[in-house]
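# Geometric and topological summary
Each chain is listed here by its residues.
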Amino acid sequence: MADEKQRWLPLESNPEVMNKFVKELGMPGSWSYTDVFGLDPELLAMVPQPCVALLLLFPINDKYEQYRKGEEERIKEAGQNVTSKLYYMKQTIGNACGTIALLHSIANNQESIKPEKALKTFLENTASLDPVERAAYLEKDESIKVAHESSALEGQTETPSRDDEINLHFVALVQKEGELYELDGRKPFPINHGKTTADSFLEDAAKVCKEFMARDPEELHFTVVALAQTG
């Protein structure tokens with residue numbers, strides 16, 4: 001699903017696995033990834049606050065690829081606003097979409113989360129790079145690669161081979177400068193989904209997730225995980 005020079009083992013959409021991974025790399029214990037059990041208001045109310053990012057795992061199929069190409073053409077023609085303060089990186093490593101979604105969710109909330117250790121080093125060293133250079137830096141970052149591979153083997157489901165064809169993909173939804181962005185390293189640019197606030201972010205991001213699901217109503221393989229302050 002990328003310009004594959006390297007292929008990693010796929011990361012499971014399991015908050016326990018994700019938390020072990022990012023905490024090993026330097027995410028403070030007061031922040032964690034947590035399951036979102038549904039997108040209706042009463043289930044969203046169960047998500048801890050503040051919630052600063054949603055990660056969506058969804059199937060890549062012909063229906064989605066057709067939509068993605070149309071979306072890209074529309075944005076290239078009409079243009080969109082993307083703040084320079086948004087941290088975005090491309091995906092050049094096969095099966096690394098989970099790690100890139102985690103990095104996108106943390107990188108765009110550094111003021112609140114205050115990452116440490118290897119995470120802090122990676123984000124500081126890539127802050128002034130462009131999205132392609134950030135991807136190249138990740139290819140050489142042994143600390144993140146080792147933590148990813150270790151976490152990928154931890155999941156509850158049988159770990160696929162790094163060469164298996166994986167048709168599930170992670171994206172991150174974040175709020176920056178009052179706008180809601182979808183960050184997907186396979187796309188040529190971030191997608192601006194319009195205005196949001198810290199207070200309305202969870203509800204607004206859930207609407208974007210619902211749009212993904214509505215485009216493929218017969219598909220059941222959707223998972224949503226929130227990044228929230230839990231301690």
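Residues numbered from 1 in each chain as written. Predicted model: local features only at pLDDT ≥ 70, side-chain atom pairs only at ≥ 80, totals over all residues. Heavy atoms only, no water.

As recorded by an unreviewed UniProt entry, the protein carries the name Ubiquitin carboxyl-terminal hydrolase and is attributed to Branchiostoma floridae. Recorded under Subcellular location (unreviewed entry), the UniProt text for the protein is reproduced unchanged: "Cytoplasm". Of the comments in the UniProt record for the protein, the one headed Catalytic activity (unreviewed entry) reads "Thiol-dependent hydrolysis of ester, thioester, amide, peptide and isopeptide bonds formed by the C-terminal Gly of ubiquitin (a 76-residue protein attached to proteins as an intracellular targeting signal)." (UniProt positions renumbered as here; feature names shortened; annotations may be inferred.)

For the rest of this paragraph, the subject is the UniProt feature "site: Transition state stabilizer" (unreviewed entry) in the protein. When the UniProt feature table is mapped onto this chain, "site: Transition state stabilizer" (unreviewed entry) is found at Q91. There is a polar contact of 2.9 Å between the side chain of Q91 and the backbone oxygen of I93. (Polar contact = N/O pair within 3.5 Å; in protein donor to acceptor, adjacent residues only side chain to side chain.)

A few words on the UniProt feature "site: Important for enzyme activity" (unreviewed entry) in the protein. In the numbering used here, UniProt assigns the feature "site: Important for enzyme activity" (unreviewed entry) to D184. Summarising the element assignment, D184 is placed in the loop between β6 (179-183) and β7 (191-195). A relative accessible area of 1% means that D184 is categorised as buried. In this structure D184 touches Y64, Y88, H169 and V171, once residues within four positions along its chain are discounted. At 2.7 Å, the side chain of D184 forms a polar contact with the side chain of H169. (Helix = DSSP H or I, 4+ residues; strand = E, 2+ residues; numbered from the N terminus. Buried < 20%, exposed > 50% of the residue type's maximum accessible area, 1.4 Å probe, protein only. Contact = heavy atoms within 4.5 Å.)

A word on the sheet that holds β6. In spatial order, the strands read β2-β8-β3-β5-β6-β7; together these 6 strands make up an open sheet with antiparallel pairing. Each of the sheet's edge strands pairs with one partner strand only, and the pair in question is β2 (31-35) and β7. On average, adjacent strands in this sheet sit at an angle of 20° to one another, irrespective of strand direction. Here β6 pairs with β7 via 3 bridges, running antiparallel. By the bridge assignment, Y181 is partnered in β7 with N192. In the packing of helix α9 (residues 201-214) onto the sheet, contacts are made with β3 (51-59), β5 (168-176), β6, β7 and β8 (223-229), and the angle to β3 comes to roughly 5°. (Pairing = 2+ DSSP bridges. Axes fitted to C-alpha atoms, helices over the stretch in contact; angles between N-to-C directions.)

Each aromatic ring pair is summarised here by two numbers: the centre-to-centre distance and the angle between the ring planes. A complete count under the given rule lists 4 aromatic pairs for this structure. Note on F122 and Y137: the rings are 5.6 Å apart at their centroids and 65° apart in plane angle, and the pair reads as edge-to-face. In this pair, F122 sits in helix α6 (residues 117-126) while Y137 sits in helix α7 (residues 131-140), placing the two residues 15 residues apart along the sequence. With a relative accessible area of 28%, Y137 lands in the partly exposed category. One aromatic cluster is present, built from ring pairs that chain together F58, Y64 and F212. Above the face of the Y87 ring, R134 is positioned so that its terminal group lies 3.9 Å from the ring centre. Positioned over the ring face of F212 is R215, at 4.8 Å from the centre of the ring. (Phe/Tyr/Trp six-rings, centres within 6.5 Å; stacked < 30°, edge-to-face > 60°. Lys NZ or Arg CZ within 6 Å of the ring centre and 35° of its normal.)

Here a disulfide denotes a covalent bond joining the sulfur atom of one cysteine to the sulfur atom of another. If you walk through the whole model with that rule in mind, you get 0 disulfides. With no disulfide partner, C97 has as its closest neighbouring cysteine sulfur the one in C209, 15 Å distant. (Disulfide = S-S within 2.5 Å.)

With that settled, the discussion passes to the pairing of β3. Every other side chain in a regular strand lies on the same face of the sheet, so the side chains alternate between the two faces. Counting buried residues in β3 gives 9 out of 9 residues, a clear majority hidden from the surface. Sheet topology note: the β3/β8 ladder contains 6 bridges and is antiparallel. Across the sheet, L55 pairs through a bridge with V225, a residue of β8. Looking at chain direction, β3 and β5 are connected through 7 bridges and run antiparallel. By the bridge assignment, L56 is partnered in β5 with V171.

Among the secondary structure elements, V82 is positioned in the loop between α3 (62-78) and β4 (93-94). Apart from residues no more than four positions distant in its own chain, V82 is found in contact with Y181 and P190.

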